[in-house]
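Working through the structure, step by step
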Amino acid sequence: MNSTTSTSRSLERLVLGRATRDGDGVKLTRVLTADLQQRLDPFLMLDQFGSDDPNDYGGGFPDHPHRGFETVTYMIAGRMRHKDSAGHEGLLQNGGVQWMTAGQGVIHSEMPEQEAGSMEGFQLWLNLPGKDKMCAPAYRDIQSQEIPEVLTAQGVRVRVISGVFEGVAGAVNRPVQTYPTDALYLDLHFEGDALFVQPMPSTYNAFVYTYRGEVAVVSKQGQTQAVGLHHMGILRNEGEQVQLQAKTGTRVLLIAGQPLREPIAQYGPFVMNTRAQLMQAVEDFNNGLFTP
Ligand code: MN
């Protein structure tokens, strides 16, 4: 397979996130909103936060519950302390990832451990299949140095958070862990004017998010479509690969996964398959079943 015989995904749609606040007044941009959950199945939400003003993040995210999915927090800058009702605690900091499986239910908090300086990062919500929604809660605290990096011949530094890039398994897949949705989560740092190529089945739902600079989606016949700063680009389900071109200094998240194709029922921090399961989640939470 080479660039003359394979086809690359084109850009389907650009999405500019919506400014909002969550937790105790933390300012953030909600990039993947509820109306995109079907289109981007198995991903339920993507928040981007970034500020130098402690008034924008100081409140943090005090105790709140989750059930039925996973939260993946990727810190670019700053420090946040995680604690949950399953007894896990960890410090999330520069370049590190926290992968929390809420499963049958956790109550957790994510609180800043800084009073000044920059706080920047992302939180992605990854859905679980119905059969796994009531699994035991789990937690992975992955430090920056544990995330494998691959520097491509073209000059793209690829941080492999999840999935596989050029045969290198992501931090969350080590030692051996596979996900029903085969989630791919790559952080791409362009260290030269470079073309990045990743094979991808056309059935996988995929998007890019540009957080420095601007990236071009390169589709068939070298046609390019720009995804500007702070935009999400949803990639069309076609072809066998994704091709991205950018200049030095550009940074982009590439996120993709195999859709679950199950009904999605959400009530705030609970994501199940049916309304009855949501009502059960609320009842269980009210009855204190989320705390051991
Ligand atoms: Mn949370």
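Just above, that's the structure.
Overview of the structure. Everything quoted here is computed from the prediction, not taken from an experiment. (Residues numbered from 1 in each chain as written. Predicted model: local features only at pLDDT ≥ 70, side-chain atom pairs only at ≥ 80, totals over all residues. Heavy atoms only, no water.)

**Quick word on the side chain of Gln114**
Mapped onto the secondary structure, Gln114 falls in the loop between β10 (106-112) and β11 (119-127). At 2.8 Å, the side chain of Gln114 forms a polar contact with the backbone nitrogen of Arg79. Engagement of the side chain of Gln114 in a polar contact is seen with the backbone oxygen of Ser118, the distance being 3.1 Å. Discounting residues that sit within four places of it in the chain, Gln114 has contacts with Tyr57, Gly78, Arg79 and Met119. (Helix = DSSP H or I, 4+ residues; strand = E, 2+ residues; numbered from the N terminus. Polar contact = N/O pair within 3.5 Å; in protein donor to acceptor, adjacent residues only side chain to side chain. Contact = heavy atoms within 4.5 Å.)

**Section: the sheet that holds β10**
Taken in spatial order, the 4 strands of this open sheet run β5-β10-β7-β8, and their pairing is antiparallel. Unpaired on one side and paired on the other, β5 (61-66) and β8 (89-93) mark the two borders of the sheet. Direction aside, neighbouring strands of the sheet carry axes that sit 20° apart on average. As paired strands, β5 and β10 are joined by 4 bridges and run antiparallel to one another. Residue His64 lies in a different strand from β10, and its bridge partner there is His108. (Pairing = 2+ DSSP bridges. Axes fitted to C-alpha atoms, helices over the stretch in contact; angles between N-to-C directions.)

**Quick word on the coordination of the manganese ion**
The coordination sphere of the manganese ion contains the protein donors His64 (NE2), His66 (NE2) and His108 (NE2), at a distance range of 2.1 to 2.2 Å. Linear spacing of the donor residues for the manganese ion on their chain is H-x1-H-x41-H. One end of the pair, His64, is in strand β5; the other, His108, is in strand β10, with 44 residues separating them in the sequence. Taken individually, His64 and His108 each receive the classification buried, so the pair is uniform in this respect. (Donors = N, O, S within 2.8 Å, 3.2 Å for Na, K, Ca; no water. Buried < 20%, exposed > 50% of the residue type's maximum accessible area, 1.4 Å probe, protein only.)

**A look at the environment of Leu229**
Structurally, Leu229 is set in the loop between β21 (224-227) and β22 (231-235). In this structure Leu229 comes out as partly exposed when scored by relative accessible area, which is 41%. The spatial distance from the C-alpha of Leu229 to the C-alpha of Gly78 is 21 Å, given a sequence separation of 151 residues. In this structure, Leu229 is in contact with Thr210, Tyr211, Arg212 and Gly213, ignoring residues within four places of it in sequence.

**Focus: the sheet that holds strand β13 (residues 149-151)**
With antiparallel pairing, the 7 strands of this open sheet are ordered in space as β1-β22-β19-β24-β17-β14-β13. The sheet is open, and its two edges are formed by β1 (11-16) and β13, each paired on a single side. Sheet twist, expressed as the mean angle between neighbouring strand axes with direction ignored, is 20°. Across 3 bridges, the pairing between β13 and strand β14 (residues 156-162) is antiparallel. Paired with Leu151 across the two strands is Arg157, which belongs to β14.

**Considering the nonpolar core**
Of all hydrophobic cores here, the largest spans 30 residues; its most connected members are Phe122, Tyr185, Phe207 and Met232. Secondary structure elements with two or more residues in this core: β3 (26-32), β4 (43-51), β6 (69-77), β9 (97-101), β11, β19 (205-212), β22 and β24 (251-257). Other than its neighbours up to four places away in sequence, Met232 contacts Arg13, Leu14, Val15, Val31, Leu32, Leu36, Leu40, Phe207, Val208, Tyr209 and Val227. (Core = buried A, V, L, I, M, F, W, Y, C linked by side-chain atoms within 4.5 Å.)

**Some thoughts on the environment of Phe61**
Residue position: Phe61 is located in strand β5. Judged by its relative accessible area of 13%, Phe61 falls in the buried class. Separated by 154 residues in sequence, Phe61 and Val215 place their C-alpha atoms 32 Å apart. The residues contacting Phe61, other than those within four sequence positions of it, are Asp22, Gly23, Val26, Leu28, Met80, His108, Ser109, Glu110 and Met111.

**Some thoughts on the pairing of β9**
The buried fraction of β9 amounts to 5 of the 5 residues, a majority that puts the element mostly inside the structure. Taking every second residue as pointing to the same face, both faces of β9 are buried, with Val97, Trp99 and Thr101 on one and Gln98 and Met100 on the other. Two strands pair when backbone bridges link them, and β6 and β9 are joined in this way by 5 bridges, in the antiparallel orientation. By the bridge assignment for β9, Thr71 is matched with Met100.

**Details of the environment of Met80**
Structurally, Met80 is set in strand β7 (residues 79-84). On the accessibility criterion, Met80 (6% relative accessible area) is buried. Along the backbone, Met80 and Trp125 are 45 residues apart, and their C-alpha atoms lie at a distance of 18 Å. Ignoring any residue separated from it by four or fewer positions in sequence, one finds Met80 in contact with Phe61, Met75, Gly90, Leu91, Leu92, Glu110, Met111, Pro112, Glu113 and Met119.

**Some thoughts on the pattern of salt bridges**
All chains considered together, the criterion is met by 13 salt bridges. One salt bridge connects Asp284 with Arg67, and the closest N-O pair in it is separated by 3.0 Å. Of the two residues, Asp284 is situated in helix α2 (residues 275-286) and Arg67 in the loop between β5 and β6; the sequence distance between them amounts to 217 residues. Exposure remark for Asp284: the relative accessible area of 9% places this residue in the buried category. Overall, the relative accessible area of 4% leaves Arg67 in the buried class. The closest approach of N and O atoms between Glu191 and Arg157, which form a salt bridge, is 2.7 Å. (Salt bridge = Lys/Arg side-chain N within 4 Å of Asp/Glu carboxyl O.)

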